[in-house]
Amino acid sequence: MIDLHYWPTPNGKKVTILLEELGMPYNIVPCNIGKGDQFEPEFLKISPNNRMPALVDHAPADGGPTISVFESGAIMMYLAEKAGRFYPQDIRRRYEVNQWVMWQMANQGPKLGECGHFLRLGDKQATSRMQSAASPTRPTGSTVSSTIGSTTAVISLATNIPSPT
Ligand SMILES: N[C@@H](CCC(=O)N[C@@H](CS)C(=O)NCC(=O)O)C(=O)O
């Protein structure tokens, strides 16, 4: 069984959406980041960067001891690989997926996250800077709009899930 240390944020939901798509059984372990669960010593053993989501697989595919994984992108790769779905085996298509997962983790996710953060703070100047960085007319947004139409094995924009193989 898989334990998913989770709180309902976009990074957490990326993983639960994939688990549901895969039909893979899992157990939610709440990690209330508002209360500081992410700083508990037991949690830090599986996610040293004090961030959820984090996964613990008690029945890995190789039959060996428990495996733990942190970072939503790495977790999604792990699950897709274990299920043998959504993650092509041939090198060309596999790296099409890898590059978009990395792009989402390093660019689109953080930019939109910062945008929401400054919006909530009511910081108009910072919000406008962030919105501009994430806009379809700027690199982060335009990368997707110019590429998505011509690529078959990338990601769903809404969910960041690699498309079916
Ligand atoms: N790059 C990480 C980001 C994870 C992340 O930022 N998680 C946030 C919630 S969405 C968190 O756990 N924050 C707790 C904290 O900052 O103390 C991933 O994709 O898993």
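Worth saying up front: this structure is predicted, and the values here are computed from it rather than measured.

Caption draft 1: Broad picture of the overall build of the chain. A count of helical and extended segments in the chain gives six helices and four strands. Sequence-ordered secondary structure for the chain, helices as α and strands as β, is β-α-β-α-β-β-α-α-α-α. In the chain, which comprises 165 residues, the share counted as buried stands at 41%. Sequence separation of 24 or more characterises 52% of the internal contacts of the chain that already satisfy a separation of 6 or more. Summing over all exposed atoms, the chain offers an accessible surface of approximately 9300 Å²; the carbon and sulfur share of this is 57%.

Caption draft 2: Region of the structure containing the sheet that holds strand β3 (residues 54-57). Spatial ordering of the open sheet is given by β2-β1-β3-β4, a layout of four strands whose pairing is mixed. A strand with exactly one partner marks an edge of an open sheet, and here the two such strands are β2 (26-30) and β4 (67-70). Strand-to-strand twist in this sheet, taken as the mean axis angle between neighbours without regard to direction, amounts to 20°. The strands touched by helix α1 (residues 10-22) within the sheet are β1 (2-6) and β2, with β1 carrying the most contacts at an inclination of about 150°.

Caption draft 3: Expanded view of the site of the ligand. With respect to spatial proximity, the complete set of residues near the ligand consists of Thr9, Asn11, Ile33, Gln38, Phe39, Asn50, Arg51, Met52, Pro53, Glu71, Ser72 and Met105. Within the side chain of Asn11, an N or O atom sits 3.4 Å from an oxygen atom of the ligand. Gln38 has a polar side-chain atom sitting 2.8 Å from an oxygen atom of the ligand. When the free accessible area of the ligand is taken as 520 Å², the share hidden by the protein chains comes to 76%. Taken together, the residues that form the shell around the ligand break down as five nonpolar, five polar and two charged.

Caption draft 4: Fine view of unusual backbone geometry. A cis geometry characterises the amide bond from Met52 onward to Pro53, with omega recorded as 5°. With respect to the helices, strands and loops of the structure, Pro53 is situated in the loop between α2 (41-46) and β3. A positive phi angle, close to 45°, is found at Asn50, a residue other than glycine. In this fold, Asn50 is placed in the loop between α2 and β3. Of note, the phi angle at Phe86 is positive, near 65°, even though the residue is not glycine. Relative to the assigned elements, Phe86 resides in the loop between α3 (72-83) and α4 (91-121).

Caption draft 5: Structural context of the environment of Ile46. In this fold, Ile46 is placed in helix α2. Exposure remark for Ile46: the relative accessible area of 14% places this residue in the buried category. Residues Ile46 and Phe70, 24 residues apart in the sequence, show an inter-C-alpha distance of 7.0 Å. Sequence-distant contacts of Ile46, that is, excluding residues within four places in its chain, are made with His5, Ala54, Val56, Ser68 and Phe70.

Caption draft 6: Summary view of the confidence of the model for the chain. Averaged over the chain, the pLDDT score is 84; the fraction of residues at 70 or greater is 78%. pLDDT under 50 marks residues 149-165. Its contacts with residues more than four places away, or in other chains, come to 44 contacts.

Caption draft 7: Inspection of the pairing of β3 at higher detail. Because side chains alternate across β3, one face comprises the buried residues Ala54 and Val56, and the other comprises Leu55 and Asp57, equally buried. Examined bridge by bridge, β1 and β3 share four bridges and lie antiparallel to one another. Counted as the bridge partner of His5 is Ala54 from β3. Here β3 pairs with β4 via four bridges, running antiparallel. Its bridge partner being in β4, Val56 is matched across the sheet by Ser68.

Rules of the game
- Residues numbered from 1 in each chain as written.
- Predicted model: local features only at pLDDT ≥ 70, side-chain atom pairs only at ≥ 80, totals over all residues.
- Heavy atoms only, no water.
- Helix = DSSP H or I, 4+ residues; strand = E, 2+ residues; numbered from the N terminus.
- Buried < 20%, exposed > 50% of the residue type's maximum accessible area, 1.4 Å probe, protein only.
- Contact = heavy atoms within 4.5 Å.
- Areas by Shrake-Rupley, 256 points an atom, 1.4 Å probe, with all protein chains shown as cover.
- Pairing = 2+ DSSP bridges.
- Axes fitted to C-alpha atoms, helices over the stretch in contact; angles between N-to-C directions.
- Near = heavy atom within 4 Å.
- Polar contact = N/O pair within 3.5 Å; in protein donor to acceptor, adjacent residues only side chain to side chain.
- Nonpolar A, V, L, I, M, F, W, Y, C, P; charged D, E, K, R; others polar.
- pLDDT = per-residue confidence, 0-100.

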